[in-house]
Amino acid sequence: MTSHELPPDNCPACGWEVAAVSPSDPRRKDKPKPGEVTMCLQCGFLAAFGPDMRLRRLSRRRLAAAMRDPDVQLMVKAHMDLWGGRQQ
Ligand SMILES: [Zn+2]
């Protein structure tokens with residue numbers, strides 16, 4: 001699976017150290033861009049990349065919009081299947 005290094009950061013929800021990101025679609029090879037939604041593999045928290053590629057909390061409105069995105073729905077479902085919806 002392709003993964004891309006990120007500037008060292010921590011999940012805004014659980015504090016897990018984030019150093020790389022992998023696409024939800026393994027066919028995707030390009031790097032993530034600012035504004036894209038990503039998920040913490042540790043706790044399932046949804047965040048967006050800021051202009052500096054550090055993780056930012058989503059506003060309630062952005063979170064609602066993200067949850068309508070089929071790619072995000074797949075990420076959430078995969079996380080639930082893997083971890084049983086474990087959240088912190
Ligand atoms: Zn987390």
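**Things to note about the environment of Pro23**
Next, step 1: Along the polypeptide, Pro23 turns up in the loop between β2 (17–21) and β3 (37–39).
Next, step 2: When the 19 C-beta atoms within 10 Å are taken as the criterion, Pro23 is described as partly exposed.
Next, step 3: Here the alpha-carbon distance between Pro23 and Thr38, two residues 15 residues apart in the chain, equals 8.7 Å.

**Some words on the pairing of strand β4 (residues 46–49)**
Next, step 1: With three bridges joining them, β3 and β4 adopt antiparallel strand pairing. Among the inter-strand pairings, Met39 is bridged to a residue of β4, identified as Leu46.
Next, step 2: Of the strand pairs in this sheet, β4 and strand β5 (residues 55–57) are connected by three bridges, and their pairing is antiparallel. Across the sheet, residue Ala48 finds its bridge partner in β5, namely Arg56.
Next, step 3: The hairpin turn running from β4 into β5, its antiparallel successor, is five residues long, and Met53 in that turn takes a positive phi close to 65 degrees.

Reading the values: the criteria
- Residues numbered from 1 in each chain as written.
- Predicted model: local features only at pLDDT ≥ 70, side-chain atom pairs only at ≥ 80, totals over all residues.
- Helix = DSSP H or I, 4+ residues; strand = E, 2+ residues; numbered from the N terminus.
- Buried ≥ 20, exposed ≤ 12 C-beta atoms within 10 Å, placed from the backbone.
- Pairing = 2+ DSSP bridges.

From the geometry alone we can't say anything about function, so treat these as descriptive.
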